[in-house]
Amino acid sequence: MLKLYGFCVSNYYNMVKLALLEKGLPFEEVLFYPGTTPETLAISPRGKVPVLCVEQGFINETSVILEYLEQSQTGTPLLPDNPFERAQALALAKEIELYIELPARACYPEAFFGMSVPEAIKDKTKAELLLGFASLGRHGKFAPYVAGDSLSVADLYFLYSVPMACAVARKLFDIDLLAEMPAARALLERLEHNRHVQRIAKDKDAAMPAFLAMIASKK
Ligand SMILES: N[C@@H](CCC(=O)N[C@@H](CS)C(=O)NCC(=O)O)C(=O)O
C-alpha cells in the first residue's frame, strides 16, 4: 500500500493527501517531520516533507509525487488529457508554487511562529506576492476550478498555498490579496465544503499541538 510520510500541518503534505483522497486510493499516513538526521535524510534527500513510499522505494518533491500518482495509479484524474490543457494546469500549479507559496513561506516565521523576518525579505515577499497574485488573476480560469471545469493539481496548490499567502499579507502588510479576485475567493469557499478537504482540516487541527511543541523545542 502507498505510504504518505509527513505531518498533517504541512501544506505540501496536504496537497498530496488530497490527491490520494480525491483519487480514492488506499494509503497509510506515517508521521515524519523534516530534519537533517541521517535517518531522515535516508528517506527524504533534502529532509523535507512529504515523501511517498511505494513498492520500489521513496519519492520526494510534491510535484513529482503528484505526477507519479497521475501516471501510475487509477482513480479520478487530476490533470486533463489534452496536452495543451494539461500544460496550462501544470503551469498554474508551478506559478502558484514559485510566485505565491515560496515568497509567502519566507515570511512564515514572523506571520505564524512569533519570530522576526528582516525588513528586506518582507519587502521582497510583498512585491513578489503582488506580482504572483496578478499572474494568478490573469492565468487562472476559476470556471469554476483554477484551470477550468474540473479539479486539477492547480487546485491542490491553490487551496494549500493561497490562504497561507493571504494570511501572511494580511498580518504583515495589511493587504487583502484576493480583494479583486472574487472568483478565486468563491472557489476557496467551495473547496472548503469538499468532504476530503474537511477531513484534512480536522486532521490538521488535531496535529497542531504536537507540531507547535516540536517547533518550540527547536527555538
Ligand atoms: N519542494 C518541496 C517543498 C516541501 C516543503 O517545503 N515542505 C515543508 C513542510 S510544508 C518542509 O519540509 N519544511 C522543512 C524545511 O524546509 O526544512 C516539495 O515540493 O515537496
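Owing to the predicted nature of the structure, the values given are computational and were not obtained by experimental measurement. Each chain has its residues counted from 1, following the order in which its sequence is written. Only residues with pLDDT of at least 70 are given local features in this predicted model, and only at 80 or more are side-chain atom pairs given and counted; all residues enter the totals for whole chains, interfaces and linings. With hydrogens and water stripped out, all remaining heavy atoms of the structure feed into the side-chain values.

Caption draft 1: The overall build of the chain, seen in detail. When helices and strands are tallied, the chain shows nine helices and four strands. For the purposes of this entry, the term helix denotes a DSSP run of H or I that reaches at least four residues, the term strand denotes a run of E that reaches at least two, and both are numbered from the N terminus. For the chain, the succession of helices and strands along the chain, N to C, is β-α-β-α-β-β-α-α-α-α-α-α-α. In terms of its C-alpha atoms, the chain occupies a principal-axis envelope of roughly 45 × 45 × 30 Å. Expressed as a percentage of the 219 residues in the chain, the buried residues total 45%. We call two residues in contact whenever any of their non-hydrogen atoms come within 4.5 Å of each other. Considering only contacts within the chain whose residues lie at least 6 apart along the sequence, 67% involve residues at least 24 apart. Accessible areas in this description were obtained via Shrake-Rupley with a 1.4 Å probe; residue shielding takes into account the shown protein chains only. For the chain, the accessible surface area stands at approximately 11400 Å², while carbon and sulfur atoms represent 56% of it. When charges are tallied, Lys and Arg are placed among the positive residues and Asp and Glu among the negative ones, while His and the ends of the chain are skipped. Note that the charge is assigned to NZ on lysines, CZ on arginines, CG on aspartates and CD on glutamates. Separation between the mean location of the 23 positive side-chain charges and that of the 26 negative ones in the chain comes to 3 Å. Partly exposed describes any residue whose relative accessible area lies between the buried limit of under 20% and the exposed limit of over 50%, with all areas from a 1.4 Å probe on protein chains only and scaled to the type maximum.

Caption draft 2: Quick peek at a nonpolar patch on the surface. Residues qualify for a patch when their relative accessible area is over 30% and they have no salt bridge, like charges being joined within 9 Å and the nonpolar side chains of Val, Leu, Ile, Met, Phe, Trp and Tyr within 5 Å. What counts as a salt bridge is simple: a side-chain nitrogen of Lys or Arg found within 4 Å of a carboxyl oxygen of Asp or Glu. There is a patch of nonpolar side chains on the surface, built from Leu98, Tyr99 and Leu102 and spanning about 270 Å² of accessible area. With respect to the helices and strands, the residue leucine 102 is situated in helix H4 (residues 83-105). Leucine 102 sits in the partly exposed class, given a relative accessible area of 38%.

Caption draft 3: Spotlight on the site of the ligand. Taken together, Ser10, Asn11, Tyr12, Pro34, Lys48, Val49, Pro50, Glu61, Thr62, Glu97 and Arg105 make up the full set of residues adjacent to the ligand. N or O atoms closer than or at 3.5 Å make up a polar contact, with two conditions inside protein: a donor-capable atom paired with an acceptor-capable one, and, for residues adjacent in sequence, both atoms drawn from side chains. Within the backbone of valine 49, a nitrogen or oxygen atom sits 2.8 Å from a nitrogen atom of the ligand. Contact between the ligand and glutamate 61: a nitrogen atom at 2.7 Å from a side-chain N or O atom of the residue. When the ligand is considered free in solution it has 510 Å² of accessible area, and contact with the protein chains removes 78% of it. Lining residues are those with an atom within 4 Å of a point, where the points come from a 1 Å grid over the protein atoms alone and group into cavities, where a 1.4 Å probe fits but cannot get out, or pockets, open sets with protein on both sides within 12 Å along at least five of seven lines. Put plainly, a molecule is in a cavity or pocket when over half of its atoms are within 2 Å of the grid points there. The pocket occupied by the ligand, as judged from atoms lying within 2 Å of grid points, is the largest pocket. Every element with two or more residues in the shell around the ligand is listed here: helix H1 (11-23) and H4. Gly counts as polar in this scheme, as do all residues outside two lists: the nonpolar Ala, Val, Leu, Ile, Met, Phe, Trp, Tyr, Cys and Pro, and the charged Asp, Glu, Lys and Arg. Residue composition of the shell around the ligand, by class: four nonpolar, three polar and four charged. Only heavy atoms are used to decide nearness, and a residue is near a molecule or strand if one of them lies within 4 Å of it.

Caption draft 4: Here's a closer look at the layout of surface pockets. Grid points are joined across faces, edges and corners, and a volume is the space filled by probe spheres set on the points. Put simply, the largest pocket is a space of about 1000 Å³. Around the largest pocket, the lining is made up of 36 residues, and of these Phe7, Pro34, Arg105, Tyr108 and Phe211 lie nearest the centre. Element by element, the count of residues in the lining of the largest pocket is highest for helix H9 (residues 195-218), at seven residues. Across the lining of the largest pocket, the residue classes break down as 19 nonpolar, nine polar and eight charged.

Caption draft 5: Molecular detail of empty space enclosed by the protein. All told, the structure shown has one cavity of 30 Å³ or more when counted by the stated rule. Of all the elements in the fold, those that place two or more residues in the lining of the largest cavity are H4 and helix H6 (119-139). Considering every element that reaches the lining of the largest cavity, the biggest residue donor is H4, with five residues. A breakdown of the residues in the lining of the largest cavity according to their chemical character gives five nonpolar, two polar and one charged.

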